[in-house]
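The primary structure of each chain is shown beneath.
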Amino acid sequence: MKRIGVFTSGGDAPGMNACIRAVVRGAVYHGIEVYGIRRGYSGMIAGDVYKMESHSVSNIVQRGGTILKSARSKEFMTPEGRKKAHENLQSLGIEGLVAIGGNGTFTGAMIFGNEYGIPTVGAPGTIDNDLYGTDYTIGFDTAVNTALDAIDRIRDTASSHDRIFFIEVMGRDSGYIAVQCGIAGGAELVMVPEVLTPISHVVETLKQGWSRSKSSSIIIVAEGDEEGSAQEVADKIKGQVDENADIRVTTLGHIQRGGQPSAYDRILASRLGLGALEGLIGGQKNVMAGIINNDLVYTPFEDTIRLPKPINEDLLRMVKILSV
Ligand code: F6P
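Since the model is a prediction, treat every value here as computed from it, not as a measurement.

So, on to the site of the ligand. Around the ligand, the surrounding shell consists of Arg 72, Thr 126, Ile 127, Asp 128, Met 170, Gly 171, Arg 172, Glu 223, His 254 and Arg 257. One of the side-chain N or O atoms of Asp 128 is found 2.7 Å from an oxygen atom in the ligand. Arg 257 places a side-chain nitrogen or oxygen 2.8 Å from an oxygen atom of the ligand. Starting from 400 Å² of accessible surface for the ligand in isolation, the protein chains cover 75%. Classifying every residue of the shell around the ligand gives two nonpolar, three polar and five charged. Residues from two domains meet in the shell around the ligand; each of domain 1 (3-139 + 261-306) and domain 2 (142-257) gives at least three.

Here is the structure:
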């Protein structure tokens, strides 16, 4: 393999730059040319690519976002879009790809690989930590720490004003961010999409806490919870805990996606970027590089996409015990 492409796709995640850096510097080290593809699959279709050198990735290991920019391309979901992308890659002589992203990114890569035979190795970049085949995804640790910083601040107000706060964190269909924030932030309850938490249970938990003379409470709601958004959950419980209960809602939103990556994410991203590149050079294709129990492993895209990553229910149990 003489020439490869690298791109980021889907939601940006802190540590994506460290990952790009590892791919580019690794390629330089192994004597392979590397092209940066801007805005993921959109850039592949538009031919928006540039040759990257070692200095192209100077001074980015500490930066959030992605220097290659990112997008969720609708056109790549069409056969015509993928045909254009393939023609562009062919005319540039790009023989393999490193894709940094999440589920949607790898679904696209798998279809593209099956249609045109271009080998792709993925590096898991998403704050959601929802990918089967790796213990942690790039950006998750930073997102949890960012959310936690906000939760700690909200706790000051909750405690000063004797309030119940419902705090919504990101995670689309996954409760990983919510669970970790719940434990580290000392929440009373965590509501996640993987486990049904009926409103009656939320009311009961709050009532029990208040009967034990708790004067403030924090409930973390993952955005994909079955009972709805934090605002919807708060509306549903209104008047059911105590008629004088002062309830507030905060949705943390995209604040969780930006910012400097933590040391953990920079190291993880560097390992996964180099791991993806060296896998590609070594003949891997249509797989995602991941770290499981501190070992580098490759999991077929098909499995990372299809298999659910179960939430650790022991951690949820822990939230309950520790908030007594
Ligand atoms: O996948 C990462 C994520 O931040 C999810 O947690 C969230 O549901 C989604 O992206 C938001 O996407 P967008 O930035 O496109 O609104």
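So, next bit.
What follows concerns the sheet that holds strand β8 (residues 217-222). Taken together, four strands build an open sheet; the order of strands is β7-β8-β6-β9 and the sheet is parallel. Only two strands of the sheet have a single neighbouring strand rather than two, namely β7 (189-191) and β9 (246-251). Recorded for the sheet is a direction-independent mean angle of 20 degrees between the axes of neighbouring strands. Where β7 meets β8, three bridges bridge the pair, whose relative direction is parallel. Looking at β8, one finds that Met 191 is bridged to Val 221. Contacting β6 (163-169), β7, β8 and β9, helix α8 (residues 230-237) crosses the sheet at an angle of about 150 degrees to β6.

For the structure shown, the criterion picks out 15 salt bridges. Lys 214 is the salt-bridge partner of Glu 188, the closest N and O atoms lying 2.6 Å from each other. Highlighted residues: Glu 188 in the loop between α6 (176-184) and β7 and Lys 214 in the loop between α7 (199-211) and β8, separated in sequence by 26 residues. Take Glu 188: its relative accessible area is 7%, and that puts it in the buried class. What you see here is one network of salt bridges that share partners, running through Arg 38, Arg 39 and Asp 48.

This part takes up helix α1 (residues 16-29). Because each turn of an α-helix spans 3.6 residues, side chains separated by three or four positions in sequence point in the same direction. With 14 residues, α1 ought to run about 20 Å at 1.5 Å a step, and its terminal C-alpha atoms sit 20 Å apart, in line with that. When you tally the buried positions in α1, you get ten out of 14 residues, the bulk of the element. Those residues of α1 that sit buried are Met 16, Asn 17, Ala 18, Cys 19, Ile 20, Ala 22, Val 23, Val 24, Gly 26 and Ala 27. Taken together, the buried residues of α1 touch β1 (3-8), β2 (33-37), β3 (49-52), β4 (96-101), β5 (120-124) and α9 (263-281). Remark: Gly 31 follows α1 within two positions and exhibits a positive phi of approximately 70 degrees.

Its place among the elements puts Ala 245 in the loop between α8 and β9. Judged by relative accessible area, Ala 245 falls into the buried class, the value being 19%. As a C-alpha pair, Ala 245 and Trp 210 span 35 residues in sequence and 9.9 Å in three-dimensional space.

Of all the six residues making up β1, five are buried; the element is thus mostly covered by neighbouring parts of the structure. Pairing of β1 with β2, which is carried by five bridges, proceeds in the parallel orientation. If you follow Phe 7 over to β2, its bridge partner there is Ile 37. The pairing of β1 with β4 spans five bridges and is parallel. Looking at the pairing, Gly 5 lines up with Leu 97 of β4.

What follows deals with the sheet that holds strand β10 (residues 287-292). Backbone-to-backbone hydrogen bonds pair the strands of a sheet. The strands run either parallel or antiparallel. Taken in spatial order, the seven strands of this open sheet run β3-β2-β1-β4-β5-β10-β11, and their pairing is mixed. A single partner strand is all that each edge strand has here, and the edge strands are β3 and β11 (295-300). Direction aside, neighbouring strands of the sheet carry axes that sit 30 degrees apart on average. Examined bridge by bridge, β10 and β11 share six bridges and lie antiparallel to one another. In the sheet register, Val 287 faces β11, and the bridge partner there is Pro 300. Docked against the sheet, α1 engages β1, β2, β3, β4 and β5, running at close to 165 degrees with respect to β4.

This next bit is on the nonpolar core. Counting 58 residues, the largest nonpolar core has Ile 177 and Ile 220 as its most contacted members. Shared between two domains, this core takes at least three residues from each, and those domains are domain 1 (3-139 + 261-306) and domain 2 (142-257). In contact with Ile 177, other than residues within four places in its own chain, are Ile 127, Asp 128, Phe 140, Ala 143, Val 144, Val 169, Met 170 and Gln 256. Tyr 41, Ile 45, Leu 89 and Ile 94 belong to the second-largest nonpolar core, a separate cluster that totals 20 residues.

Here we take up the domain arrangement of the chain. Domain boundaries assigned for the chain yield domain 1 (3-139 + 261-306) and domain 2 (142-257). Taking only C-alpha atoms, the centre of domain 1 and the centre of domain 2 are 34 Å apart. The interface of domain 1 with domain 2 comprises 14 residues on the first partner and eleven residues on the second. A combined buried area of about 1000 Å² lies between domain 1 and domain 2, and 45% of that area is made up of carbon and sulfur atoms. Counting the surface domain 1 buries against domain 2, the share from its top three residues, Asp 12, Ile 127 and Asp 128, is 47%. One can count one salt bridge joining domain 1 with domain 2. Across the salt bridge formed by Asp 12 and Arg 257, the nearest N and O atoms sit 2.8 Å from each other. Within the side of domain 1 that touches domain 2, the residues separate by chemical class into five nonpolar, four polar and five charged.

What counts and what doesn't
- The residue numbering used here restarts from 1 in each chain and proceeds along that chain's sequence as written.
- Confidence filtering applies because this is a predicted model: local features only for residues at pLDDT of at least 70, side-chain atom pairs given and counted only at 80 or more, and all residues used for totals across whole chains, interfaces and linings.
- The side-chain quantities take in all heavy atoms of the structure and omit both hydrogens and water.
- Here a residue is near a molecule or strand as soon as one of its heavy atoms is found within 4 Å of it.
- In the analysis that follows, any N or O atom pair within 3.5 Å is treated as a polar contact, provided that within protein one partner can donate a hydrogen and the other can accept it, and provided that, for residues neighboring in sequence, both atoms belong to side chains.
- Throughout, the Shrake-Rupley method with a 1.4 Å probe supplies accessible areas, and for residues the shown protein chains are the sole cover considered.
- Amino acids outside the nonpolar list (Ala, Val, Leu, Ile, Met, Phe, Trp, Tyr, Cys, Pro) and the charged list (Asp, Glu, Lys, Arg) are all regarded as polar, and Gly is one of them.
- For the purposes of this description, domain bounds are those given by an automatic or database domain assignment.
- DSSP-based pairing: two strands are paired if at least 2 bridges between them are found.
- Secondary structure counts use DSSP, requiring at least four H or I residues in a row for a helix and at least two E residues in a row for a strand, with both numbered from the N terminus.
- All axes here are fitted lines through C-alpha atoms, helices being fitted over the stretch that makes contact, and every angle between N-to-C directions spans 0 to 180 degrees.
- When checking whether two residues touch, look at their non-hydrogen atoms; a contact exists if any pair is within 4.5 Å.
- Take a side-chain nitrogen of Lys or Arg and a carboxyl oxygen of Asp or Glu: if they are within 4 Å of each other, that pair is a salt bridge.
- Working definition: with a 1.4 Å probe on protein chains only, accessible area under 20% of the residue-type maximum means buried, over 50% means exposed, and in between means partly exposed.
- Expected span, for any helix, means 1.5 Å times one less than how many residues it has.
- Think of a nonpolar core as a cluster: buried Ala, Val, Leu, Ile, Met, Phe, Trp, Tyr and Cys residues, connected wherever their side-chain atoms sit within 4.5 Å.
- Buried area is a sum: the accessible area each of two parts loses on coming together, probed at 1.4 Å, counted once for each and added.

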